[in-house]
Amino acid sequence: MTLVEVEGTHTIQTNYTSLDIHVGQSYSVLVTADQLPQDYFMDVTTRFSTIRLEATALFSYSNSKGEIAGPVDANGGPSNNDIAFSLKQALSIRTNLTASGPRPNPQGSYHYGLINITRIIRLSNSAALVDNKQRYAINSVSFVAADTPPKIADHFKIPGVFLLGSILDSPPGIAMYLDTSVMAADFRDFVEIIFENNENTVQSYHIDGYSFFVVG
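Throughout, residues of each chain are indexed from 1 in the direction in which the sequence is written. Only residues with pLDDT of 70 or above have their local features reported here, since the model is predicted, and side-chain atom pairs are shown and tallied only from 80 upward, although totals for entire chains, interfaces and linings are computed over all residues. By convention in this description, side-chain values take in all heavy atoms of the structure and omit both hydrogens and water.

1. Some remarks on the pairing of strand β6 (residues 119-130)
Thinking step 1. In this description, strands pair whenever DSSP reports at least two bridges between them. In DSSP terms, a helix is any run of H or I states spanning at least four residues, a strand is any run of E spanning at least two, and both are numbered starting from the N terminus. Across 7 bridges, β6 lies against strand β12 (residues 191-197) in parallel orientation. Considered in β12, the bridge of N125 is made with N197.
Thinking step 2. With 6 bridges joining them, β6 and strand β7 (residues 133-138) adopt antiparallel strand pairing. Bridge assignment links A128 to a residue of β7, and that residue is R135.

2. Describing the packing of aromatic side chains
By convention here, two paired aromatic rings are described through the distance between centres and the angle between planes.
Thinking step 1. Any two rings among Phe, Tyr and Trp, with Trp reduced to its six-membered ring, count as a pair given centres within 6.5 Å; such a pair is stacked if its planes are under 30 degrees apart, edge-to-face if over 60, and tilted if neither. The final tally for this structure, using the stated rule, is 3 aromatic pairs.
Thinking step 2. Between F59 and Y61, the aromatic rings sit 6.0 Å apart at their centres with planes inclined by 65 degrees, giving edge-to-face as the arrangement.
Thinking step 3. Classification of Y61 by relative accessible area gives buried; the value is 12%.
Thinking step 4. Between F195 and Y205, the ring centres sit 4.3 Å apart and the planes meet at 35 degrees, which makes this aromatic pair tilted. Each residue is assigned to one of three classes by its accessible area relative to the maximum for its type, calculated with a 1.4 Å probe on protein chains only: buried under 20%, partly exposed between the two thresholds, exposed over 50%.

3. What to know about the pattern of salt bridges
Thinking step 1. A carboxyl oxygen of Asp or Glu within 4 Å of a side-chain nitrogen of Lys or Arg is what we treat as a salt bridge. Per the counting criterion, the structure on display carries 3 salt bridges.
Thinking step 2. The salt bridge involving D20 is made with R47; its shortest N-O contact spans 2.5 Å. Remark: R47 occurs in the loop between β4 (39-45) and β5 (54-60) and D20 occurs in the loop between β2 (9-15) and β3 (27-30); sequence separation between them is 27 residues.
Thinking step 3. Between R119 and D169 there is a salt bridge, with its nearest N and O atoms 2.9 Å apart. Of this pair, R119 sits in strand β6 while D169 is found in the loop between β9 (163-164) and β10 (177-179), placing the two residues 50 residues apart along the sequence.
Thinking step 4. A residue is classified by how much of its surface remains accessible, and D169, at 27% relative accessible area, is partly exposed.

Put into structure tokens, the structure is as follows:
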């Protein structure tokens, strides 16, 4: 598999025989059909989990000469708890700074030092008990899932599901409360996001939808 894109950003093209795809991630790969004409397995399994789930698909050449020999070799990839393999692979992925930008941008997609920041967002996570239940929040808002998914509500203009701006751009310094929090952003804005963690535990974020560049 030749990796060519991650989360809407072009990457240096690198070949992999297996890829760790974490929660919410999306990769684009090119597969070259240059093997002997027959059927092949493509295998997907869970990792870092006590429960092993596995799915297989069949990659079949149109002029295949014979059926695939099975079963799939469950030990063909990295071991279930090989965190070092996963980290090394993630560090091997590099942005392709010479490829065309993922979207039109008169300022230059990769001129980070010259970009005019149009908005600064500070996201501070916190933990507290709400109604005797342990909850976690960003800028004092602990997210509550609506009965209607927000994207469906937005597409079909369904009122009352969520409110844009129901979470502030900086920590308000008030007690935690519950809401279906949604933060609005303008198309093609350049936004600086600062993650603040005053807790004594590690907090992880998944950032998607924009083209992000980590500066520190």
